[in-house]
Amino acid sequence: MGLRIAHVNYSLKVGGAEVLIAQLCRLYRERGHSVEVHGLQHGGIIGDRLSREGFPVFVHGPGSRWHATRSLIRAFRRSRPDVVHCHNALVTSWVVPAARWAGVPVIVSTRHGLVPPPFRFWRELQFACVSHWVKAVVGVCQATTSNLALAPFAARDRLITIYNGASPAPQPVAPLDLPKCGFTLVYVGRLAAPKDFPTLLKALALVRTSRKDVFLWVVGDGVLRPSVEKLCAELGLNEAVTFWGERADTGAFFNAADVCVLSSKSEGLPISLLEAMAAGRPVVAAAPGAVPEIVEGGRCGFVVPIGSVQGFAEAILRLAGDPSLCASLGEAARVHYLQHFTAERMADRYLELYRTGK
């Protein structure tokens with residue numbers, strides 16, 4: 001018998017958690033389950049896309065916690081989900097009381113970030129209190145789960161790890177002729193402070209002192225785009241960096257580029273990393289969260305210390321100067337993805353959790 005599943009995220013814009021939710025929705029509908037999606041405070045591109053695909057989509061804000069709670073209770077009482085799946089701390093803190101009040105039998109929470117000490121005490125205290133009411137608290141990598149166990153008053157008996165999975169990144173509807181020249185790096189994601197763009201751009205500037213044929217595509221948008229563009233100009237990188245904005249056809253960029261780069265100082269298990277691996281692209285990435293677990297475990301790229309301009313530059317230059325190494329690491333990435341990180345494997349694991357609590 002099919003389950004009725006409700007996913008709840010803070011917004012339904014473009015981001016790693018939102019992409020993951022969309023993938024789970026599609027896979028579960030294919031398997032005969034009913035799925036609905038809730039934006040706690042905001043809708044967005046992912047929500048609009050899922051709505052066009054026929055999924056029930058609800059947005060409960062912007063508004064106060066009390067307003068969102070009442071709205072959620074009404075929605076859950078109408079649809080009567082078997083499972084409410086909350087994504088991240090604030091959402092869990094707000095949604096669990098509403099789901100309990102509405103009589104939802106199974107509640108699950110996934111933490112998508114690294115959650116490193118020192119903890120944001122008030123946020124983690126609220127999360128810890130409500131997490132004792134859920135079936136399980138999921139860390140998307142072992143580093144996240146280990147950190148959650150260190151948080152004050154954590155529900156340690158409910159902690160499990162389920163690695164993120166990802167479908168290959170979406171392709172354009174019509175052929176996309178990307179103007180690639182030279183050795184091209186690609187970054188896909190938000191332009192936000194945790195992504196540490198200064199380190200990546202300074203590394204690129206250092207690389208280009210010896211190789212002018214290395215370029216960077218930035219696929220994504222965010223509040224820091226003006227400051228990132230300003231830094232590009234200050235470093236003399238205007239001709240080397242192309243900003244493509246937010247795109248729905250990111251698969252074309254992974255397929256055309258040579259290497260995926262990720263300079264984040266805080267991550268859980270980034271979906272863009274898995275999409276790059278699915279496209280057979282090696283990775284040069286900083287070392288937060290699951291990145292070392294995935295990249296080094298699959299021998300599919302280079303992991304450098306967080307904030308290391310020199311480390312990034314050296315890894316990029318090594319790959320740019322050795323096409324055979326680049327190709328072999330890319331093939332290793334593709335194989336590692338197929339063995340461990342497909343969306344189907346992740347969906348199977350969550351279904352098992354919904355049904356058994358383990």
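A brief look at the structure comes next.

What counts, and at which threshold
Residues numbered from 1 in each chain as written. Predicted model: local features only at pLDDT ≥ 70, side-chain atom pairs only at ≥ 80, totals over all residues. Heavy atoms only, no water. Buried < 20%, exposed > 50% of the residue type's maximum accessible area, 1.4 Å probe, protein only. Helix = DSSP H or I, 4+ residues; strand = E, 2+ residues; numbered from the N terminus. Arc of directions from axis to C-beta. Contact = heavy atoms within 4.5 Å. Pairing = 2+ DSSP bridges. Axes fitted to C-alpha atoms, helices over the stretch in contact; angles between N-to-C directions. Parallel < 35°, antiparallel > 145°, perpendicular 65-115°, else oblique. Left-handed = near helix turned anticlockwise from the far one by under 90°. Nonpolar A, V, L, I, M, F, W, Y, C, P; charged D, E, K, R; others polar. Salt bridge = Lys/Arg side-chain N within 4 Å of Asp/Glu carboxyl O.

1. Looking at helix α8 (residues 225–234)
- Among the residues of α8, those classed as buried are V228, L231 and C232. On an axial view of α8, the arc spanned by its buried residues comes to 105°, and they lie on one face. Seen from the buried face of α8, the exposed residues on the opposite side, beyond 90 degrees, are P226, K230 and E234.
- Check the buried side of α8 and you find it contacts α7 (197–207) and β10 (241–245).
- The first or second residue beyond α8 is G236, which carries a positive phi of 70°.

2. Overview of the sheet that holds strand β3 (residues 57–59)
- The parallel open sheet is built from seven strands, whose spatial order is β3-β2-β1-β4-β5-β6-β7. Every other strand in the sheet has two partners, leaving β3 and β7 (159–161) as the edge strands with one partner each. Pairwise comparison of adjacent strand axes, ignoring direction, gives a mean angle of 25° for this sheet.
- Pairing analysis gives four bridges linking strand β5 (residues 106–111) to strand β6 (residues 136–139), with the strands arranged parallel. By the bridge assignment for β6, R111 is matched with G139.
- Packing of helix α4 (residues 89–101) onto the sheet brings it into contact with β1 (4–9), β4 (83–87) and β5, and relative to β4 it is tilted by some 160°.
- On top of the sheet, helix α14 (residues 343–356) reaches β1, β4, β5, β6 and β7; it is set at about 140° to β5, its chief contact.

3. So, the packing of helix α3 (residues 65–79) against α4
- Interaxial distance between α3 and α4 falls to 9 Å at its minimum, and their mutual angle equals 40°. With respect to each other, α3 and α4 are oriented oblique. Here the hand of the crossing between α3 and α4 comes out right-handed. Between α3 and α4, the contacting residues are R65, A68, T69, L72, I73, F76 and R77 on the first element and S93, W94, V95, A98, A99 and W101 on the second.
- Looking at the contact of α3 with α4, its residues break down into nine nonpolar, two polar and two charged.

4. Some thoughts on the pattern of salt bridges
- All chains considered together, the criterion is met by 14 salt bridges.
- Between R31 and D348 there is a salt bridge, with the nearest N and O atoms lying 2.4 Å from each other. Of this pair, R31 sits in the loop between α1 (16–30) and β2 (34–39) while D348 sits in helix α14, and the two are 317 residues apart along the sequence.
- Judged by its relative accessible area of 35%, R31 falls in the partly exposed class.
- Judged by its relative accessible area of 41%, D348 falls in the partly exposed class.
- The partner of R334 in a salt bridge is E331, and the shortest N-O contact between them spans 2.8 Å. With R334 and E331 both in helix α13 (residues 323–340) and three residues apart, the pair spans about one turn of that helix.
- Exposure remark for R334: the relative accessible area of 32% places this residue in the partly exposed category.
- Taken together, the shared-partner salt bridges connect R111, R123 and E124 into one network.

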